[in-house]
Number of protein chains: 2
Amino acid sequence: MSLKQVCVLGCGALGTVLANLVANNVSKFPEYKPTVMWYVRSEEFSKQRLVDVIKNNKENPKYAPGISISDKVIVCDDASSVTAAADVILFAYATRHVNEILEVMKQHMKKSVLFVSFSKGLVVPEPNSQAQQKDICLVSEEIQRVTGIEPVVVSGAMTAKGLDKAELCEATIGSRSKEAADEVKRLLETEYLSLTWTTDVITVELCGALKNILSVAAGIVDGLNLGANTKSAIIRLGLYEIDQYCHSMYAKYDTRQSTLLESCGISELFKCILCQSDAMPQLGDDWDVFNLLIGRMMSEPQYAGMTLEQIQQSFNPDYVASGPDTAKKIHAQLNSLHLCEMYPLFTAVHLICSRIVPATMLIPMLRHHPAHR
Amino acid sequence: MSLKQVCVLGCGALGTVLANLVANNVSKFPEYKPTVMWYVRSEEFSKQRLVDVIKNNKENPKYAPGISISDKVIVCDDASSVTAAADVILFAYATRHVNEILEVMKQHMKKSVLFVSFSKGLVVPEPNSQAQQKDICLVSEEIQRVTGIEPVVVSGAMTAKGLDKAELCEATIGSRSKEAADEVKRLLETEYLSLTWTTDVITVELCGALKNILSVAAGIVDGLNLGANTKSAIIRLGLYEIDQYCHSMYAKYDTRQSTLLESCGISELFKCILCQSDAMPQLGDDWDVFNLLIGRMMSEPQYAGMTLEQIQQSFNPDYVASGPDTAKKIHAQLNSLHLCEMYPLFTAVHLICSRIVPATMLIPMLRHHPAHR
């Protein structure tokens, strides 16, 4: 039997660290080739090709500075050949680039490939897809639509920096196949990274997308100085809404409330709300913290005259927080279904981020929350 | 039909605020007497009797300074007569005083009384009870043993100060009777305090007791500077152990994992771990934060030569953190049942607080956690 090739797609901080981690793990198992292929897309760094900089310096200075890249990681800038070689794909792409790379990959993938997605969030359906703009499209759904392959999803409280420093981390594997989950566990698990498995793929992925709305809400509470009782209550109400959403909108799947208690649920949320800093997250940190910052600023009086876009751009024109965007997409869907009143927190976050209502309306909008009926 | 008398027992910050809150609520419903009786035990403040100070100043300067006491609250220092008059008892006693007051109350209580307990934690069984020292005894079990009445329990992320300031708060009612739960909800609910009901009394109360162990663990993580991924993972593993404990040790009750997602579970925990201050909690604050501080100090090198007791006494000789004490009691029970390896976090917290193992053993002790099998 020929040895299986593991490939990593995504040259951000998480992709870089995953390539290292898995390269170390594959050597322990006889069924894998001892090196990992890593696709680094064509872009520039200091007027050189990033892929060349990485090859020469054994470091990714653009997205993961300070992290040495293992000799067992083979860097390649040709997505087609990496995809064609892959028996296992670890896919760690920012959601905004997902459509683009999938279009390239789909022509080259083996039908038997094990596709593992670390991407969180909602993608905008392609204009030529059957989905409506008001429809919610998960990354896994988009992967399946474009490539025909049902991916395994991995989500949890693990940042690239945390993994690189060998901090104790946990993550949740969402997979309908036990065999696939076992293989992912074998490939990823280390002394410091533990994985649990659930068949509830939908909730694993939706937690990853929807917790960003809760992070914005937590930031709004901070900005309004509402205190720890209120912050705790609001996060709990948010988890209630995530549970309701998974259960109602994906009724044909076997979604389970218990998945919220996995790393993909409460731990991801803990990690974000524990942040007290007003500084932007750095490369390899928890990028969701940007949602918390945006929430804080949306509710502080000194930014009352600024729109969400202006606040985001005050950091960097390229930065877009995922929370307000997710809240907007979810709101469009809920609104079209006349379900907004079942989701007062999701609704409030969208209306506050759109400057349709002031941040001080957060609490009044949560009175008579369905959780309290 | 004669009007029902509501009485509050407990003159700490929460008792004070509850007396005010309920005095305001009873006047809205025709079945209650328009005033609330409040038992203030015989103790001194500034060389006067506390009960006289409270009566004269309409304030409880010892436990709830700055909070005006409603004219509808009738202060009384005779526990027997307050108990005898009560149709509804709101019981907000520190666990260490529970045995003592119950002995007084038991002779005077109406058989029909609605007994609502806000006390959290484990009591030491009385020497004359059938329970062994290694047995765990919940406040509700002790109430039932001594008085014969099954109490309703209320627990959640609500501090006395938060309630007094009308911050949005939530709490969970644990009651096997819907009728009793409805009455508690009617008596306590306000524009700013929302209550949810569950029949899972055991989990509501165990969350209140066991989360203190998790707060110590969170403090240990802080002291060791282990980062947000690890802190999130450890809190999640702690919730897993709470769930296992409720399910295994109280197998004859219908305990439910979903109760962890109520205010009594995750919100209580959020509230505590959100605290970043090194200062002791103040009267009316979340006293559980003391567990977090103790955990931090137990793991910081500069306190390595000090025992738990010495660290506690460095604050105030009277202060005893409930977390290490709870961990000790739970450990004695688990050890006698040979179950320690099913609860590595509970076990680690006890062994670290007893200085049997160094704080740096926390992470190694969590390797191969049952949650990851």
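Residues numbered from 1 in each chain as written. Chains lettered and ligands numbered in written order. Predicted model: local features only at pLDDT ≥ 70, side-chain atom pairs only at ≥ 80, totals over all residues. Heavy atoms only, no water.

> Any chance you could break down the packing of aromatic side chains for me, citing the residues and the numbers?
What the rule picks out here adds up to 24 aromatic pairs over all chains. Plain terms: the ring middles of Tyr245(A) and Tyr250(A) are 6.4 Å apart, the flat faces sit at 55° to each other, and that makes the pair tilted. On the numbers, 5.7 Å between centres and 10° between planes, the contact of Tyr343(B) with Phe346(B) is stacked. Pair check on accessibility: Tyr343(B) and Phe346(B) agree, each one buried. Put simply, the rings of Tyr245(A), Tyr250(A), Tyr253(A), Tyr343(A) and Phe346(A) touch in pairs and so form one group of aromatic residues. Directly above the ring of Phe29(A) sits Arg186(A), whose terminal nitrogen or CZ lies 5.9 Å from the centroid. (Phe/Tyr/Trp six-rings, centres within 6.5 Å; stacked < 30°, edge-to-face > 60°. Buried < 20%, exposed > 50% of the residue type's maximum accessible area, 1.4 Å probe, protein only. Lys NZ or Arg CZ within 6 Å of the ring centre and 35° of its normal.)

> Could you give me a rundown of the domain arrangement of chain A, with the residues and numbers involved?
Residue and element names in this part refer to chain A. Segmenting chain A into domains produces domain 1 (4-199) and domain 2 (203-372). Domain 1 puts 32 residues into the contact, and the matching count from domain 2 is 27 residues. Taken over both partners, the interface formed by domain 1 and domain 2 buries close to 2,300 Å², and the fraction arising from carbon and sulfur atoms is 59%. Scanning the region where domain 1 abuts domain 2 turns up two salt bridges. (Domains from an automatic or database assignment. Contact = heavy atoms within 4.5 Å. Buried area = accessible area lost by both parts, 1.4 Å probe. Salt bridge = Lys/Arg side-chain N within 4 Å of Asp/Glu carboxyl O.)

> Describe unusual backbone geometry, listing the residues and the values that go with them.
A positive phi is found at Asn225(A), a non-glycine position, where the angle reads about 55°. Even without being glycine, Lys58(B) reaches a positive phi, approximately 55°. Summarising the element assignment, Lys58(B) is placed in the loop between helix 2 (50-57) and strand 5 (59-60). (Helix = DSSP H or I, 4+ residues; strand = E, 2+ residues; numbered from the N terminus.)

> Before we move on, could you go through the relation of the copies chain A and chain B and cite the residues and values that matter?
For the match of chain A to chain B, the screw axis carries a shift of 0.0 Å, the RMSD comes to 0.0 Å, and the turn is 180°. Such a combination of rotation and displacement between the chain copies is what one expects of a two-fold axis. It is Leu274(A) whose C-alpha, among those of chain A, lies nearest the rotation axis, at 3.1 Å. The share of interface residues of chain A whose copies in chain B are also at the interface is 100%, consistent with both copies meeting through the same surface. (Least-squares fit on C-alpha atoms with pLDDT ≥ 70 in both.)

> A description of the interface of chain A and chain B should follow, citing residues and the corresponding values.
Counting residues at the interface gives 44 residues for chain A and 44 residues for chain B. Summed over both sides, the interface of chain A with chain B buries roughly 3,800 Å², with 60% coming from carbon and sulfur. The three residues of chain A that bury the most area against chain B are Leu168(A), Asn229(A) and Arg236(A), which together make up 20% of that side's buried surface. Linking chain A with chain B are six salt bridges. Among the ionic pairs, Glu170(A) bridges to Arg236(B), the shortest N-O distance being 2.6 Å. Across the chain A-chain B interface, the total number found is 26 residue pairs in polar contact (both at pLDDT 80 or more). (Polar contact = N/O pair within 3.5 Å; in protein donor to acceptor, adjacent residues only side chain to side chain.)

> Go over the sheet that holds strand 13 (residues 169-174) of chain B, please, and point to the residues and values.
Backbone-to-backbone hydrogen bonds pair the strands of a sheet. The strands run either parallel or antiparallel. Residues and elements named next belong to chain B. Taken in spatial order, the eight strands make up an open sheet running 7-2-1-8-9-12-13-14, and their pairing is mixed. Each edge of the open sheet is held by one strand with a lone partner, namely strand 7 (73-76) and strand 14 (193-198). Neighbour to neighbour, the strand axes of the sheet diverge by 25° on average, direction disregarded. Two strands pair when backbone bridges link them, and strand 2 (residues 32-39) and strand 7 are joined in this way by four bridges, in the parallel orientation. Directly across from Met37, in strand 7, lies its bridge partner Ile74. (Pairing = 2+ DSSP bridges. Axes fitted to C-alpha atoms, helices over the stretch in contact; angles between N-to-C directions.)

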